[in-house]
Amino acid sequence: MEEFFQQLTNGLAVGGIYALIALGYTMVYGVLKLINFAHGDLFTLGAYLGLTLLTSLGLSGHLGTVLGLIVLAIMVTGFVGIAGALLERAAYRPLRDSHRLSAVVSALGASIFLQNTIMLIYGAKNYVYPLDILPRTTLHIFGLPVPLVRILILTASLLLMAGLYLFIQKTRLGTAIRAAAIDQGAAKLMGINVNQVIMIVFLVGPGLGGVAGLMVGLYYGQVNFTMGWVYGLKAFTAAILGGIGNIPGAMVGGLLLGVIEALGAAYISIAWKDAIAFCVLIVILIVRPTGILGERVADKI
Amino acid sequence: MGEGMILKIENLHVKYGQVEVLHGINLHVNKGEIVTILGANGAGKSTTLNAISGLVKVSSGAIYFEDQPISKVPAHRVVELGVAQAPEGRRVFGTLTVQENLNLGAFTNRDGDNIIQTLGWIYELFPVLLERKNQLAGTLSGGEQQMLAIGRALMANPKVLLLDEPSLGLAPILVKAIFKTLKEINEAGLTIVLVEQNARAALKLANRGYVFEVGKVALEGPSADLLEDPNVQNAYLGGNH
Ligand SMILES: Nc1ncnc2c1ncn2[C@@H]1O[C@H](COP(=O)(O)OP(=O)(O)O)[C@@H](O)[C@H]1O
Ligand SMILES: [Mg+2]
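Here the residue index of a chain counts from 1 through its sequence in written order. The lettering of chains begins at A and the numbering of ligands begins at 1, in the order of writing. Two thresholds apply to this predicted model, a pLDDT of at least 70 for residue-level local features and 80 or more for giving and counting side-chain atom pairs, whereas whole-chain, interface and lining totals are computed over all residues. Calculated side-chain values reflect all of the structure's heavy atoms, with hydrogen atoms and water omitted.

Caption draft 1: Molecular detail of the overall build of chain A. Helix and strand definitions follow DSSP, with helices as H or I runs of at least four residues and strands as E runs of at least two, each counted in order from the N terminus. Scanning chain A from terminus to terminus reveals 12 helices and four strands. Based on C-alpha atoms, the radius of gyration is set beside the globule rule, defined as 2.2 Å times the residue count to the power 0.38. Taking 301 residues into account, the globule formula puts the C-alpha radius of gyration at 19 Å, and chain A, at 19 Å, falls close to it. Counting only C-alpha atoms and orienting by the principal axes, one finds that chain A spans roughly 55 × 45 × 40 Å. Accessibility here uses a 1.4 Å probe with only protein chains present; expressed as a share of the type maximum, an area under 20% marks a residue as buried, one over 50% as exposed, and anything in between as partly exposed. In chain A, which comprises 301 residues, the share counted as buried stands at 53%. At a minimum sequence separation of 6, the contacts of chain A that also span at least 24 residues come to 76%. By definition, residues are in contact when any of their heavy atoms lie within 4.5 Å.

See below:
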């Protein structure tokens, strides 16, 4: 029972991170019908930026842990969001009217470019986050131990998801994003500046991916320049699992994948941890290509 | 631009890729008029409306709205200037509610009082939309979706309303109701450009008409004249009745 509970809470914490990254894939897919293959590398960028800001500014020293982390998260979100918007300008907008395959190639190119840029700046070695940022205490819930870090990570990702959901569902701009995802031409006829909508999607999606990178750094304490690849693939799987293009789907898919993976690693084999996620991807594509909540994708990548 | 003119198209050419589909359209619309554009499938009617709305690129020629050239103005700005379109095939946002669709129509409308007033008017014109305001637009019948598409365009508080085949796929009784409403909308002061396949009904409603043939204006004139024209009768009105 305790083992199960440990794996469940760990799975939920990691799943929250997957969900945040998956939202970036799904939002971009929603408006452009394009898989942003560089998204995983924007996540990596968030992890490295977080580390740099953390060590160079000493925010948590000046502002206290909680406020310091919030300011840090906002800065990382902002910087990675801007990087995402620039990426769209440079790599995707010029190809908006070209064949879809051109944009896919451009996305792969952007991924390689970002990954190598990070490697050139920081070097190829692993980096270690300062360990004393998040409290290492353990709470007891119904007598079962849970590290406080997990609760913090899960809470932060749930709050971000709730914020995004409200933004998309309740605001004028959020409704414009939904409209542009359904029919760009009709959205233009409503007076919506679709280019601006796409820019906002490329600010918000990568911003969330960046903050997820920061969370991974804080949770596991270690980052390297290729981490975006595995996390990107997992989050992409989560997005497909929930139904790509569907925002609540990405949230559900992320949490579910985190839990499946954690339980699978514990009860099947730890060596199979990564394989489990990809088995899930393959099974979904075969059994239910629309995902839990979404539209068909198999012929759209 | 002439006195009382609100919209003017001069020698409009449009290409899709290498293929030119509009070969020099000339057309004007006076303030307060209903002007209909008739013609067979593929004649270039929708392309003309989309050129006005800024959805397709103009390769040469000019479009003026209230004396202002708009052929290079982006689509979302055209709506802001005062030209709204209910497009062919309705294109309502199926997974959004009726209310959300109407709110989107008012995206450029910054006048809160006007939005409330227009919404009230639309619900008066189309009471069924009020009944179904929390329903997803995709669950409405074809006729209801058409009403929603028209209502949504009205929410922008436009000066000119472009309608692309509003009768498409609707039962005759519904067409009659919608055309009656269009008359009401026109009497409230809106200028209407009506693209139609249903030539007889459109000419009865409109002040003037244009007949398009493969990307050119083949005939134009007051509706009464076009109704009497033997060419129009043969080609679009199913012979002389
Ligand atoms: N998106 C498009 N790409 C290429 N050709 C198009 C496109 N839309 C319309 N056409 C062509 O342009 C011509 C005019 O079409 P359209 O304006 O839709 O005519 P109408 O509305 O009068 O039926 C037709 O030959 C049609 O096949
Ligand atoms: Mg047409």
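Picking up where we left off.
Caption draft 2: Examining the site of ligand 1 more closely. Residue and element names in this part refer to chain B. For ligand 1, the full set of nearby residues is Y16, V21, A40, N41, G42, A43, G44, K45, S46 and T47. In protein, a polar contact requires one atom able to donate a hydrogen and another able to accept it; more generally it is a pair of N or O atoms within 3.5 Å, and residues adjacent in sequence count only if both atoms are side-chain atoms. The separation between an oxygen atom of ligand 1 and a polar main-chain atom of G44 is 3.0 Å. The method behind every accessible area is Shrake-Rupley, applied with a 1.4 Å probe, and residues are considered shielded solely by the protein chains displayed. Starting from 560 Å² of accessible surface for ligand 1 in isolation, the protein chains cover 57%. Across the shell around ligand 1, the residue classes tally to four nonpolar, five polar and one charged. Throughout this document, a residue counts as near a molecule or strand when at least one of its heavy atoms sits within 4 Å of that molecule or strand. For this classification, the nonpolar set comprises Ala, Val, Leu, Ile, Met, Phe, Trp, Tyr, Cys and Pro, the charged set comprises Asp, Glu, Lys and Arg, and every other residue, Gly included, is treated as polar.

Caption draft 3: Representation of the pairing of strand β2 (residues 19–30) of chain B within the structure. Residues and elements named next belong to chain B. Only strands that DSSP links by at least two bridges are regarded as paired with each other. Bridging between strand β1 (residues 5–16) and β2 involves nine bridges; their strand directions are antiparallel. From the neighbouring strand, Y16 faces β2, where its bridge partner is V19. Counted along the chain from β1 to the antiparallel partner β2, the turn is two residues long, and its residue G17 has a positive phi close to 65 degrees.

Caption draft 4: Spotlight on the confidence of the model for chain B. Confidence in the prediction for chain B averages 95 pLDDT; 99% of positions are at 70 or higher. Predicted as a complex, the structure gets a pTM of 0.93 and an ipTM equal to 0.96. The predictor rates its confidence in each residue with pLDDT, a number between 0 and 100.

Caption draft 5: Seen up close, the domain arrangement of chain B. Residue and element names in this part refer to chain B. Here the domain parsing of chain B yields domain 1 (1–82 + 158–171 + 191–241) and domain 2 (90–155). Per the annotation, domain bounds derive from an automatic or database assignment of domains. Once you take the C-alpha centre of each, domain 1 and domain 2 turn out to be 25 Å apart. We define buried area as the total accessible area lost by two parts upon association, computed with a 1.4 Å probe and summed across both. Sorting the residues of domain 1 by area buried against domain 2 places P158, L161 and L170 first, and these three jointly supply 50% of that buried surface. The working definition used for a salt bridge is a side-chain nitrogen of Lys or Arg within 4 Å of a carboxyl oxygen of Asp or Glu. Summed over the shared surface of domain 1 and domain 2, the result is zero salt bridges. The interface formed by domain 1 and domain 2 contains one residue pair in polar contact (both at pLDDT 80 or more). Listed by contribution, the elements that provide at least two residues to the side of domain 1 that touches domain 2 are α2 (75–81) and β7 (160–164). In terms of residues, the side of domain 1 that touches domain 2 owes the most to one element, α2, which gives three residues. Looking at the side of domain 1 that touches domain 2, its residues break down into seven nonpolar, one polar and two charged.

Caption draft 6: Seen up close, the packing of aromatic side chains. Residue and element names in this part refer to chain A. Classification of ring pairs uses Phe, Tyr and Trp, with its six-membered ring standing for Trp, and accepts pairs whose centres are within 6.5 Å; under 30 degrees between planes counts as stacked, over 60 as edge-to-face, and the remaining range as tilted. Overall, the coordinates contain eight aromatic pairs over all chains when judged by the stated rule. Centroid distance Y48 to Y127: 5.9 Å. Interplanar angle 75 degrees. Geometry classified as edge-to-face. A residue pair is termed long-range when its members are at least 10 positions apart, and Y48 in helix α2 (residues 39–57) and Y127 in strand β1 (residues 127–128) qualify at 79 residues. Accessibility expressed as a relative area gives 0% for Y48, which makes it buried. Since its relative accessible area comes to 21%, Y127 is described here as partly exposed.

Caption draft 7: Focus on the interface of chain B and chain A. On the chain A side, the residues contacting the 18 residues of chain B number 17 residues. Taken together, both faces of the contact between chain B and chain A bury some 1800 Å²; the carbon and sulfur share is 68%. Summed over the three residues of chain B that lose the most area to chain A, namely B:H76, B:F93 and B:F107, the buried surface amounts to 37% of that side. The interface formed by chain B and chain A includes two salt bridges. The interface formed by chain B and chain A holds four residue pairs in polar contact (both at pLDDT 80 or more) in total. Those elements that provide at least two residues to the side of chain B that touches chain A are α2 and α3 (98–105) of chain B. Taken together, the residues of the side of chain B that touches chain A break down into eight nonpolar, six polar and four charged.

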